[in-house]
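Coordinate analysis (summary)
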Amino acid sequence: KPGAHTVAATLTDFIPFNQTITAISGQYVNLPIALRAVPHLQVATRDKTTGVALDPSSNAISYINQAHQTAERVTLAADGKPTAPVALSPADSLPKVDEWLWGPTFDLGLFRTGAKWTLYNVTRAYVLNQTKSDWPDGVGAVSWKPSAKAEQSVNGNQQSATTLVHFNAPSDGEQTLVETDPLHAAADRLIDLRGRGINSPVIAWVGTGDDVVLLSKDGRLWRFVIYTRNLTAITQSETIDGFLASPDGQTMVAHTTANQLFTIGIDG
């Protein structure tokens, strides 16, 4: 009969389809229906992990297996099913890892144990004495430059990729953003944060690497522009406890202590 009707289609293991249509006297209603399969969890590993990251370019998940103290990678097949984990480093080759940050091309990782940061070269994990490089003491938060490319010199040491760190030297109270190579051989101090009300920040190098977003301990978001070295506040009165940047780095998704989730431009 003419008027509104609800069309439903169900099939075991598929998400049910429901849609309201309007019937008109003397006319057909053409309604293509494509049911989507119910998603099923695919187990990649049952061990305790940290530093989980997805590499869309190679369709792989990389992580640190805390049970085996090793770096591992799982590749996703065309149907989305994970392959068996592949060890990227020898068993028990890593210490207790409190935090792990994969480099942009997943051949390097920075890990923190306590207050100590160390660079780990996954591509040379099976080469004696060429795996780990300790960073100086006093390094706080670390963020990889998104557009950094992985290139190796003749001796296999990573040279061209850059990171951004929050460097805190307790001896003189210095709190500085530092741009450095992975081996921390060439460091460029960008800005001293003393007296700016930005203490122990969480940092993220966003977009193509022109901007750094900082979340200070008091819950404010800040923007630091690398080339102009200009520091400006993104938020004003909100108290932020976490944020994510859009792929182009122009929009922040922020979560407040009042359980609000909102978006804000990097320019405020």
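Figured I'd write up the structure that's included with this text.

1. Observations concerning the nonpolar core
Ranked by internal contacts, the top residues of the largest apolar core, which has 15 residues, are L164, L177, V212, L214, F224 and L231. Taken together, the elements giving at least two residues each to this core come down to β14 (187-192), β15 (202-206), β16 (211-215) and β17 (221-225).

2. Brief notes about the layout of surface pockets
Roughly 840 Å³ of internal volume is contained in the largest pocket. In this structure, the largest pocket is lined by 28 residues; those nearest its centre are W102, S143, W144, P146 and W205. Going through the elements one at a time, β3 (49-55), β7 (99-102), β11 (139-144), β15 and β19 (240-245) are the ones with two or more residues in the lining of the largest pocket. Take the lining of the largest pocket: its biggest share by element is five residues, from β15. Of the residues contributing to the lining of the largest pocket, the split by class is 20 nonpolar, six polar and two charged. W117, V139, G140, A141 and P201 are, among the 14 residues lining the second largest pocket, the residues nearest its centre.

3. A closer look at the packing of aromatic side chains
Summed over the entire model, instances satisfying the criterion amount to five aromatic pairs. For the ring pair W100 and F111, a centre distance of 5.8 Å and an interplane angle of 0° mean the geometry is stacked. A residue pair is termed long-range when its members are at least 10 positions apart, and W100 in strand β7 and F111 in strand β8 (residues 108-113) qualify at eleven residues. In this structure F111 comes out as buried when scored by relative accessible area, which is 2%.

4. Describing the environment of T257
Along the chain, T257 turns up in the loop between β20 (251-256) and β21 (261-265). Distance in space between the C-alpha atoms of T257 and I240 is 6.1 Å, their sequence separation being 17 residues.

5. Describing the sheet that holds β3
The four strands are arranged β3-β4-β5-β6 in an open sheet whose pairing can be described as antiparallel. What marks the edges here is a single partner per strand, and that holds for β3 and β6 (86-87). Sheet analysis places strand β5 (residues 70-75) next to β6, joined by two bridges and oriented antiparallel. Residue pairing for β6: R73 is matched across the bridge by V86.

6. Here's the deal with the side chain of N121
Structurally, the position occupied by N121 is in strand β9 (residues 116-121). For N121, a relative accessible area of 6% puts it in the buried group. A polar atom in the side chain of N121 sits 2.5 Å from the side chain of T123.

7. Structural notes on the pairing of β20
Only one face of β20 is buried, namely the one carrying M252, A254 and T256, since none of T251, V253 and H255 on the opposite face is buried. In this antiparallel pair of consecutive strands, β19 and β20, the connection spans five residues, and G249 shows a positive phi of 75°. Relative to β21, β20 runs antiparallel, the two being bridged by five bridges. The residue bridging A254 from the neighbouring strand is F262, located in β21. The antiparallel pairing of β20 with β21 creates a hairpin that spans four residues between the two strands, and N259 there sits at a positive phi of about 60°.

8. Points about unusual backbone geometry
The phi dihedral of D13 falls on the positive side, at around 75°, and the residue is not glycine. Structurally, D13 is set in the loop between β1 (3-9) and β2 (17-23). Positive phi values are uncommon outside glycine, yet S200 reaches one of about 45°. Mapped onto the elements, S200 comes out in the loop between β14 and β15. Look at S200 and you get partly exposed, because its relative accessible area is 48%.

9. Topic: a nonpolar patch on the surface
A cluster of nonpolar residues, L244, V253 and L261, forms a patch on the protein surface that exposes about 310 Å² of accessible area. Structurally, V253 is set in strand β20.

10. Things to note about the side chain of Q175
Tracing the backbone through its elements, the reader meets Q175 in strand β13 (residues 174-180). A relative accessible area of 17% places Q175 in the buried class.

11. Things to note about the pattern of salt bridges
All chains considered together, the criterion is met by six salt bridges. R229 is the salt-bridge partner of D188, the closest N and O atoms lying 2.9 Å from each other. Of this pair, D188 sits in strand β14 while R229 sits in the loop between β17 and β18 (230-233), placing them 41 residues apart in sequence. The exposure class assigned to D188 is partly exposed, which follows from its relative accessible area of 32%. Across the pair D211 and R223 runs a salt bridge whose closest N-O atoms are separated by 2.9 Å. Linking D211 in strand β16 with R223 in strand β17, this pair joins segments that are twelve residues apart in sequence. With respect to burial, D211 and R223 carry one shared label: buried.

Thresholds, definitions, all that
- Residues numbered from 1 in each chain as written.
- Predicted model: local features only at pLDDT ≥ 70, side-chain atom pairs only at ≥ 80, totals over all residues.
- Heavy atoms only, no water.
- Core = buried A, V, L, I, M, F, W, Y, C linked by side-chain atoms within 4.5 Å.
- Buried < 20%, exposed > 50% of the residue type's maximum accessible area, 1.4 Å probe, protein only.
- Helix = DSSP H or I, 4+ residues; strand = E, 2+ residues; numbered from the N terminus.
- 1 Å grid on protein atoms, 1.4 Å probe; cavity = no way out; pocket = protein on both sides within 12 Å on 5 of 7 lines; lining within 4 Å.
- Points joined across faces, edges and corners; volume = space filled by probe spheres on them.
- Nonpolar A, V, L, I, M, F, W, Y, C, P; charged D, E, K, R; others polar.
- Phe/Tyr/Trp six-rings, centres within 6.5 Å; stacked < 30°, edge-to-face > 60°.
- Pairing = 2+ DSSP bridges.
- Polar contact = N/O pair within 3.5 Å; in protein donor to acceptor, adjacent residues only side chain to side chain.
- Patch = residues over 30% accessible without salt bridge, like charges linked within 9 Å, V, L, I, M, F, W, Y side chains within 5 Å.
- Areas by Shrake-Rupley, 256 points an atom, 1.4 Å probe, with all protein chains shown as cover.
- Salt bridge = Lys/Arg side-chain N within 4 Å of Asp/Glu carboxyl O.

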